[in-house]
Amino acid sequence: MPELDPMAEIRASFFIECEELLEALQDGLETMAEDSGDLETINVVFRAVHSIKGGAGAFGLEALVRFAHRYETVLDAVRSHVMVADGDAIKLFFRAADHLSDLVRESRDNGVLPEAEGNAILTQLDALLGDNGVEEVEETEIDFQPMGLALDLGLPDLDALPPAGPAEFTIHFTPQPELYETGNEPFMILRNLAELGPCEVTCTTENVPLLRDCVSNGGYLAWTVKLCADISQDDIIAVFDFVEGLCDLTIESMQSAPSSKVSPALPDLPPLQDEPPRQIVPEAPAPMPAARSDTPATPKAKAATQPAAKAVVRVDLDRIERLVNLVGELVINQAMLSQSLESSGLSPHSDSMNGLEEFQRLTRDIQDSVMMIRAQPVKSLFQRMSRIVRECSAAVRKDVRLVTEGDTTEVDKTVIERLSDPLTHMIRNAVDHGLETTEDRRAAGKPEQGVVKLTAAHRSGRVIIEVSDDGGGINRPKVQQIAAKKGLIAADANLSDVEIDNLLFLPGFSTATEVSNLSGRGVGMDVVRNAIQSLGGRITITSSPGTGTTFSISLPLTLAVLDGMVVHVAGETMVLPLNLVIETLTIDHDNLEQTRPGMNVVRVRGEFVSLFDLGVELGYRSAQESYLDSVVLLIADEAGSRAALIVDEIQDQRQVVIKGLDESFYRAPGIAAATILGDGQIALILDPADIIAQAQSNASVLSPKLMEMTQ
Amino acid sequence: MTLSILAVDDSRTMRDMIRLALEPAGFTVTTADDGIHGVEVLNGIAPDAIITDINMPRMDGFGFIDAVRGQVKHRATPILVLTTEAAPELKARARNAGATGWIVKPFDPAKLIKALQMVAG
């Protein structure tokens, strides 16, 4: 069947649409939670659920339809001011939205639908409606008969009739003006009748007034149709379905092969004529008019962010991956080309060199554009986190509000996907460990509601994502005590605040005195840090007692390309991320100071910065006799800590394509990835901040290894 | 005879479904994303019939029907309302706004085609 494929495609597209709708739903609910929502917000929320229901119905996803319908019913009540959505109701709406998103996911993956939870939520939703709820439940059953056109005119027996012989029907049909006003056309109706069987149509024109008295859509004409066909009266009524109530209609039948049951059906006709008043005058127009008249009048800021109908193409991710890889190859190729042209001794003003420059510029543009394709706003990720906050604040009985900033910050899609787990864990930590209990907060004179803040921003070519709480801050004495007890540090170690905070990242560290069932799942912050590092990112902590803790993640914008500085160290070629290099300098007698054996500092504009020999830190060589006249790179990481690295030579600045190191490689500290240079040589990409961190901790407290090495 | 149809629905899934139902049957389908978009699109075409959803952002189905009927050349263009809501009041409201007929979602492609043929030939 050729329809199978497009259907599968539409189904897939439906689920993508669901994601968007669920996002709109979340947004709307959040707005409602903030300012109890204007009408358009409620409309958006309603429509989101409504559209999910509509699509789900088309694919026979009954559980989804059923839940969405009852959810929608309650939202409709809010929309039509039958009920007011207070804080508790909105919390329930959030839960229902979460459940709806579960249902969507499970329906998509043909998974197991969490019925019990759904029923619990539905019961609560129905309870919101009070008495109205019961009525609505019944409607559910009727509403989703797939055959919407079925007529219910009280002619139940007809279907059961054995096919009778051809019958002759006489139909009197007098359109009313409304019939014309609604775009119905008697000609079409007569033609449809003719399709049922041979017709004899007579038009009554006696009511047509003089031309000067005519109104354009006056119902002046009437028709009498004699139809002879082997059909039931139902078939005729079906023809008049859309104009029922808009015309005077009588149908008489004379069975040529008499059937006793047809005639008794005739008296059922009066209801047809009784119906018009009920249909034309809307008795209960409560929900819609209110919604409709107010809709254009309230263009609220939030409503304006609704999809501004952008033209979008959906592309298979594989194709983009391929494009990204090809562009990567292009960059390498271009680097090789420039290298060979330069070595060929061409004049820099020659056509070739000019062309090469243009080529470089274009390559960079292509690269940027390709990266843009993969970039996505972090919003979807943040929304998932708001759900985590809701669920886990409920589990530990804390009142927590999630504040997000920078939802529109764009990050590589892969990065977003791979951030989900670490971020979930960090959010859980913030709620579970970061924030105090409600009693403690009250005692500390803080608002009872704790705040977890999630922000994203672009900063100097990287993305900074921060998770902060307004809790009690890290309890450093306790952290140190636990670390000592677990043998992670020496019992008498003298640690700075930053060093203590970083103990949280040590494997197997957990501060909660009793492991709660929430964040204590055997996953520590070390796992989070590893996940972030594998994305080429770094994580840092800042905490101040009494006011809270902030975890800051710094990530590269893309995983594919890096602006690097190519340097030589101990005969090796290495690449340093350029954005970390602040300046370069040369060591002389005036700026070099030794603080203790093996520990040098360099003076840069009146400040002292620790000096490290990159060759030594990486284990390529032992410390040199003298560092005079060495080239030094001054680098700084996101946290602002600086260091000076000694290298042998700076070769070049260029873009390099990051080639990740396979899991099977030993994960060497200080090494982030590798790349292929223009001449085909492989070079390691350094993670200087990691090197600094390693070197500093080595040099200060933890191990004497470095001391041995340097001496 | 090829009929040209304008389908107005804010759900991409529904627009795709309508397209899938009608195009193999020889209909020409133009789509619009909401009422306002529908009115814009209508400026450039003369469809034999219009299908519209009710619940849509910016301008809902009722507003859209009003706007269409307000144009002299579309006073008699058949408009079918596509709705998940089978409530009689809604049908009455649609009809009051000037809708020719209605189809209840989820629709059966054959029924949709038949309904279109009934009103538009």
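Residues numbered from 1 in each chain as written. Chains lettered and ligands numbered in written order. Predicted model: local features only at pLDDT ≥ 70, side-chain atom pairs only at ≥ 80, totals over all residues. Heavy atoms only, no water.

Engineer: Explain the interface of chain A and chain B to me, please; I cannot follow it from the model alone.
Structural biologist: For an interface, size is often stated in terms of accessible area lost upon the parts coming together. Counting from both sides, the interface comprises 52 residues of chain A and, opposite them, 50 residues of chain B. Overall, the association of chain A and chain B removes approximately 4400 Å² of surface from exposure, summing both partners, and the carbon and sulfur fraction of that is 55%. One can count one salt bridge joining chain A with chain B. A salt bridge links B:Arg12 to A:Glu20, with the nearest nitrogen and oxygen atoms 3.8 Å apart. Mapped by element, the contributors of at least two residues to the side of chain A that touches chain B are helix H1 (4-35), helix H2 (39-58), helix H8 (177-181), helix H9 (186-196), helix H10 (233-239), helix H12 (270-280) and helix H13 (287-294) of chain A. (Contact = heavy atoms within 4.5 Å. Buried area = accessible area lost by both parts, 1.4 Å probe. Salt bridge = Lys/Arg side-chain N within 4 Å of Asp/Glu carboxyl O. Helix = DSSP H or I, 4+ residues; strand = E, 2+ residues; numbered from the N terminus.)

Engineer: Would you explain the pairing of strand S5 (residues 101-104) of chain B in this entry?
Structural biologist: Each regular strand carries side chains that alternate between the two faces of the sheet. Residue and element names in this part refer to chain B. The alternating pattern of S5 places Gly101 and Ile103 on one face and Trp102 and Val104 on the opposite face, and all of these are buried. Pairing geometry for strand S4 (residues 79-83) and S5, over four bridges, is parallel. Bridge pairing in S5 places Thr83 opposite Val104. (Buried < 20%, exposed > 50% of the residue type's maximum accessible area, 1.4 Å probe, protein only. Pairing = 2+ DSSP bridges.)

Engineer: Is there a simple way to think about the UniProt feature "modified residue: 4-aspartylphosphate" (unreviewed entry) in chain B in this case?
Structural biologist: Residue and element names in this part refer to chain B. Cross-referencing UniProt, the feature "modified residue: 4-aspartylphosphate" (unreviewed entry) maps to Asp53 in the present numbering. In this fold, Asp53 is placed in strand S3 (residues 49-53). Assessed through its relative accessible area of 2%, Asp53 is described here as buried. What Asp53 contacts, discounting residues up to four positions off in sequence, is Val8, Asp9, Asp10, Gly61, Leu82 and Lys105. (UniProt positions renumbered as here; feature names shortened; annotations may be inferred.)

Engineer: Whenever I open this one, helix H15 (residues 317-343) of chain A confuses me. Can you help?
Structural biologist: Helical periodicity: at 3.6 residues per turn, an α-helix aligns residues three or four positions apart in one direction. All names here are of chain A. Given a rise of 1.5 Å per residue, 27 residues ought to cover 39 Å, and the 39 Å separating the end C-alpha atoms of H15 matches this to within 8%. Listed as buried for H15 are Ile320, Val324, Val327, Gly328, Val331, Ile332, Gln334, Ala335, Ser338 and Leu341. Elements that come into contact with the buried residues of H15 comprise helix H16 (351-374), strand S20 (649-657) and strand S21 (671-676). Of the residues trailing H15, Gly345 is marked for its positive phi of about 75°. (Expected span 1.5 Å × (residues − 1).)

Engineer: Quick question: what am I supposed to make of helix H1 (residues 12-22) of chain B here?
Structural biologist: Burial analysis of H1(B) places nine of its 11 residues in the buried class, which makes it a mostly covered element. Listed in full, the buried residues belonging to H1(B) are B:Arg12, B:Thr13, B:Met14, B:Arg15, B:Met17, B:Ile18, B:Leu20, B:Ala21 and B:Leu22.

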